[in-house]
Amino acid sequence: MENRIKELRKFKGLSQEDLAQACGVSRQTINAIENNKYDPSLVLAFQMAQILSVTVDELFVFQGSRP
């Protein structure tokens with residue numbers, strides 16, 4: 001699953017640390033999510049979407065195969 005967190009975070013003028021503090025996680029967690037090394041919990045995904053003023057669908061791009 002890919003995401004637009006970095007792009008949207010920068011558009012809002014937030015650092016990784018700013019977003020991390022607002023979500024109650026570490027900067028390293030935000031970094032790992034932005035680099036597609038970690039998928040956030042559903043709760044964290046909704047928190048990030050709310051802070052970045054987008055929907056979860058706009059924040060994450062699912063690239064699965066369909067039958």
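Residues numbered from 1 in each chain as written. Predicted model: local features only at pLDDT ≥ 70, side-chain atom pairs only at ≥ 80, totals over all residues. Heavy atoms only, no water.

Here the focus is the pattern of salt bridges. Counted under the stated rule, the structure contains 2 salt bridges. Residue glutamate 7 is joined to arginine 4 by a salt bridge in which the shortest nitrogen-to-oxygen separation is 3.0 Å. A salt bridge links arginine 9 to glutamate 34; the nearest nitrogen and oxygen atoms lie 2.6 Å apart. With arginine 9 in helix H1 (residues 5-11) and glutamate 34 in helix H3 (residues 27-34), this residue pair connects regions lying 25 residues apart in the sequence. As far as the burial class goes, arginine 9 and glutamate 34 line up, both buried. (Salt bridge = Lys/Arg side-chain N within 4 Å of Asp/Glu carboxyl O. Helix = DSSP H or I, 4+ residues; strand = E, 2+ residues; numbered from the N terminus. Buried < 20%, exposed > 50% of the residue type's maximum accessible area, 1.4 Å probe, protein only.)

Moving on: the nonpolar core. In terms of nonpolar packing, the biggest core is built from 16 residues, with Ile5, Leu19, Met48, Leu52, Val54, Leu59 and Phe60 touching the most fellow members. The element contributing the most residues to this core is helix H4 (residues 42-51), with 4 residues. Contact partners of isoleucine 5, with chain neighbours within four places excluded, come to Leu19, Ile33, Glu34, Met48, Leu52, Leu59 and Phe60. (Core = buried A, V, L, I, M, F, W, Y, C linked by side-chain atoms within 4.5 Å. Contact = heavy atoms within 4.5 Å.)

Once that is clear, we can look at H4. Taken together, the buried positions of H4 are occupied by Leu44, Ala45, Met48 and Ala49. Burial along H4 is one-sided: seen end-on, the buried residues are contained in an arc of 135 degrees. Opposite its buried face, H4 presents the exposed residues Leu42, Val43 and Gln50, each directed more than 90 degrees away. Lining the buried residues of H4 we find H1, helix H2 (16-23), H3, helix H5 (56-59) and strand E2 (60-61). Looking at the residues trailing H4, positive phi occurs at serine 53, about 60 degrees. (Arc of directions from axis to C-beta.)

Following the sequence through the fold, glutamine 16 ends up in helix H2. Glutamine 16 sits in the buried class, given a relative accessible area of 15%. At 3.3 Å, the side chain of glutamine 16 and the side chain of asparagine 31 are in polar contact. Residues contacting glutamine 16, with those up to four places away along its chain left out, are Arg9, Arg27, Ile30, Asn31 and Glu34. (Polar contact = N/O pair within 3.5 Å; in protein donor to acceptor, adjacent residues only side chain to side chain.)

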